[in-house]
Amino acid sequence: MSVIAEEIQEHWRIVRPLFSIRNENEYNLAVERLNALIDEIGDGEQHPLYELLDTLGAVIHTYEEKHHPMPECSGVEMLQFLMEEHQLEPSDLPEIGSPETVSEILSGKRGLTVRHLQTLAARFHVSPTVFV
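To start, this report covers the structure provided alongside it. Position labels on residues start from 1 in each chain and follow its written sequence. Restriction of local features to residues with pLDDT of at least 70 applies here, the model being predicted, together with a cutoff of 80 or more for giving and counting side-chain atom pairs; totals for whole chains, interfaces and linings are based on all residues. Only hydrogens and water are set aside; all other atoms, that is, all heavy atoms of the structure, feed into the side-chain values.

## Observations concerning the overall build of the protein
Okay, step 1: The secondary structure listing takes helices from DSSP runs of H or I that are at least 4 residues long and strands from runs of E that are at least 2 residues long, numbered from the N terminus. For the protein, the helix and strand inventory stands at 6 helices and 0 strands.
Okay, step 2: Projected onto the principal axes, the alpha-carbon positions of the protein cover approximately 60 × 30 × 20 Å.
Okay, step 3: The buried share among the 132 residues of the protein stands at 32%.
Okay, step 4: In the structure as shown, the protein presents an accessible area of about 8700 Å², 53% of it carried by carbon and sulfur atoms.
Okay, step 5: As used throughout, the charge tally considers Lys and Arg to be positive and Asp and Glu to be negative, leaving His and the chain termini uncounted. Here the site of a charge means atom NZ of a Lys, CZ of an Arg, CG of an Asp or CD of a Glu. If the 9 positive side-chain charges of the protein are averaged to one point and the 23 negative ones to another, these points end up 3 Å apart. Using a 1.4 Å probe on the protein chains alone, a residue whose accessible area is under 20% of its type maximum counts as buried, one over 50% counts as exposed, and one in between counts as partly exposed. Working definition of accessibility: Shrake-Rupley area with a 1.4 Å probe, residue cover restricted to the visible protein chains.

## Things to note about the nonpolar core
Okay, step 1: The term nonpolar core refers to a set of buried residues drawn from Ala, Val, Leu, Ile, Met, Phe, Trp, Tyr and Cys, joined through side-chain atoms within 4.5 Å. Counting residues in each nonpolar core, the largest one holds 15 residues, and the members touching the most others are Leu-79, Met-83, Leu-93, Ile-96, Leu-120, Phe-124 and Phe-131.
Okay, step 2: In terms of residue count, the dominant contributor to this core is helix H4 (residues 75-85) (4 residues).
Okay, step 3: Not counting residues within four places of it along the chain, the set of residues in contact with Phe-124 comprises Leu-79, Leu-82, His-86, Leu-88 and Phe-131.
Okay, step 4: By size, the runner-up hydrophobic cluster in this structure holds 13 residues, among which are Tyr-27, Ala-30, Ile-38 and Val-59. Two residues qualify as a contact provided that any one of their heavy atoms is within 4.5 Å of a heavy atom in the partner residue.

The following block contains the structure:
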């Protein structure tokens, strides 16, 4: 084996779990890591780990498409679905904003922010990508 291959192999053992999801345990760990990265990075595209966040999100998305297919819908439609499933009103989501703010998001007058994605993912125990 070449010196370069040996060096890459040494590092690959450490980073491989970030780029490969083979089962539900690895999926859950990847979602936890993504949430931690979102908490630290937010929407700071200049952050040194932003590309890792972006790549991990793509890996999770690929796994979810194969193993947890969702009907095509927007983030707002997903929020509406989850609110209906949990029998929630706009006033039940103060972590997103006032009832007026939530209503504006639901009507499409206002978009979901990165903070909203983080908060909704934590509240409903899903990947933030379901709202994208």
